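# Structure assessment
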Amino acid sequence: MSTDYVTLIASLPYLGDLFDMRVPPISRLQLDKRLSMLSAKDQSLLLMIENLLQWDHLEDVLGESGQDELLIKAADELLFRLTSETTLNTLQKVVRQRLDMRSIVAALRYRSCGVDITDSRRRWSYGHFDDHIRRHWDHPTFALDYRFSWVKSVQDSMSKMNVYDVEKTLLGIGWRSITLAQQAHAFDFVAVVLYVLKWNIAMRWQSYEHDGAFNRFTQLVDASLSGKYELREKGL
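What you see is a predicted model, and the numbers here were worked out from it, not measured in a lab.

## Quick look at the overall build of the protein chain
Tallying secondary structure elements over the protein chain gives 11 helices and zero strands in all. What you see in the protein chain, going N to C, is helices and strands ordered as α-α-α-α-α-α-α-α-α-α-α. Relative to its 236 residues, the protein chain shows a buried fraction of 50%. By element, 51% of the accessible surface of the protein chain is carried by carbon and sulfur atoms, the whole surface being about 11,800 Å².

Below, the structure is given as structure tokens:
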């Protein structure tokens, strides 16, 4: 256990419950000052994780081209790095969960927009369920609701163009999965990363604008897996 991690974690205020939080108890500027206590190696890995998982950081991964291949490559590189160190197993699981979620949501939207991804064997996502989704393309939930209970709810909300519920559901799932992961990590690098990921979710929810939800969600899903398919704006 590192004294630097203990000092850093001890300096971070409790975030509380996502949907009860009115204002995050620490600003990004204050958070970054505390994160400067991390080693250069830790800061680099944290940046990789944030860049891949946070919608607002997608441009740091995609650059100007916005090609899905670049994002898939970035995901592969990060997962390889996380898998190579046993102490990072929890982060590897959290990252995979988030990537799987994003891939499934993108597939739901592709289908609702009339884009058929089953006619190509080219890799289109960075999740575990690429082939499974292709095989079950016509199933309302891609036959994934047995594994992910949230898929049916999200699919139903999308069909009703209720983006508010979609985003609240997805953010809530991300928050709860990180909270569960935190139980095994108190004063280590993983604990720091999990805190930052929760902070990012909190900031996203706090900055949520109901009236602009549809356009923002559409743009972000397009950006996350773009370049190969030209989506038509028909709603979620």
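Text resumes after the structure shown.
## Digging into the nonpolar core
Formed by 46 residues in total, the largest nonpolar core has its most connected members in Ile-49, Leu-91 and Phe-189. Among the elements of the structure, α1 (3-10), α2 (28-35), α3 (40-53), α5 (68-83), α6 (89-112), α9 (163-182) and α10 (189-206) are those that each provide at least two residues to this core. In terms of residue count, α10 provides more of this core than any other element does, 13 residues in total. Among all residues touching Ile-49, those that are not within four sequence positions of it are Leu-78, Leu-82, Leu-91, Val-95, Val-193 and Leu-197.

Calculation criteria
- Residues numbered from 1 in each chain as written.
- Predicted model: local features only at pLDDT ≥ 70, side-chain atom pairs only at ≥ 80, totals over all residues.
- Heavy atoms only, no water.
- Helix = DSSP H or I, 4+ residues; strand = E, 2+ residues; numbered from the N terminus.
- Buried < 20%, exposed > 50% of the residue type's maximum accessible area, 1.4 Å probe, protein only.
- Areas by Shrake-Rupley, 256 points an atom, 1.4 Å probe, with all protein chains shown as cover.
- Core = buried A, V, L, I, M, F, W, Y, C linked by side-chain atoms within 4.5 Å.
- Contact = heavy atoms within 4.5 Å.

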